[in-house]
Amino acid sequence: MAVLASHSALDVLDGARDEGFKTVAVAAKGRETAYREFPIVDELIVLNSYVEIASQEIQDRLEALPSVFVPNRSFAVYVGYDRIEKMLKVPVFGNKYLLRWEERTGDANYYKLLDEAGIRRPRTLPLDSVEGPVIVKLPESRRRAERAFFIASDSRDLEMKLRRLKEKGLVDDLSVEQASVEELVLGQMLKAPL
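Residues numbered from 1 in each chain as written. Predicted model: local features only at pLDDT ≥ 70, side-chain atom pairs only at ≥ 80, totals over all residues. Heavy atoms only, no water.

(A) Geometry of the nonpolar core. Grouped together as the largest cluster of nonpolar side chains are 31 residues, with contacts concentrated most on Leu13, Val26, Tyr35, Ile53, Leu62, Phe69 and Phe75. Going through the elements one at a time, β1 (2-4), α1 (9-18), β2 (24-28), β3 (43-47), α3 (56-64), α4 (73-79) and α5 (81-86) are the ones with two or more residues in this core. A total of five residues in this core trace back to one element, the largest contributor, which is β2. Once you skip the residues sitting within four places of it in the chain, Phe69 turns out to touch Ala2, Val3, Leu4, Val26, Ile53, Leu62, Phe75, Val90, Pro91, Val92 and Phe93. By size, the runner-up hydrophobic cluster in this structure holds 14 residues, among which are Leu125, Ala152, Leu162 and Val181. (Core = buried A, V, L, I, M, F, W, Y, C linked by side-chain atoms within 4.5 Å. Buried < 20%, exposed > 50% of the residue type's maximum accessible area, 1.4 Å probe, protein only. Helix = DSSP H or I, 4+ residues; strand = E, 2+ residues; numbered from the N terminus. Contact = heavy atoms within 4.5 Å.)

(B) Layout of the pairing of strand β4 (residues 134-139). Burial analysis of β4 places six of its six residues in the buried class, the great majority of the element. Across the two faces of β4 the burial is the same, with Val134, Val136 and Leu138 and Ile135, Lys137 and Pro139 all buried. Pairing geometry for β4 and strand β5 (residues 147-152), over six bridges, is antiparallel. Considered in β5, the bridge of Lys137 is made with Phe149. Summarising the sheet, β4 and strand β6 (residues 180-183) pair through four bridges and their orientation is antiparallel. Paired with Val136 across the bridge in β6 is Val181. (Pairing = 2+ DSSP bridges.)

What follows is the structure, encoded as structure tokens:
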């Protein structure tokens, strides 16, 4: 099992190892240290840039192992949907053409996918229509691929938290324009048997 080395990769690698698979972590130079230190990585491939994963050399290396690539959000963001769909020949766990549907905006987004499938989901709201508790998801100002999340109890709390994030320079006006606001729906609390 191969995975792009990001924050979620360790879980994938650990799970793959638990199931008896050999593991491959593909890291960008400067981000490989943690993957050298954990005993759950059988093979570490270090690239100058994540886009190199689509190169023939790296694909040949992955196919020779042989490996199946487990996508994560970082894979889609750093490698890019077009490269993944058009250039990547290594098998991908799942459907590589559905990765772009993980976005919250644009024609292909996960809200539309859920709606068309008839799956219930929290309502999305305009920023100026918040009355009750919401979860707000917005891109960071300096690292647009990274997302800031926070929960607000109402419109007043939302405005206060947005103002604080702006003051700290974590988000900006463009972040706010691209924000996704969902009603906060709490799940059922399950009690452990006595």
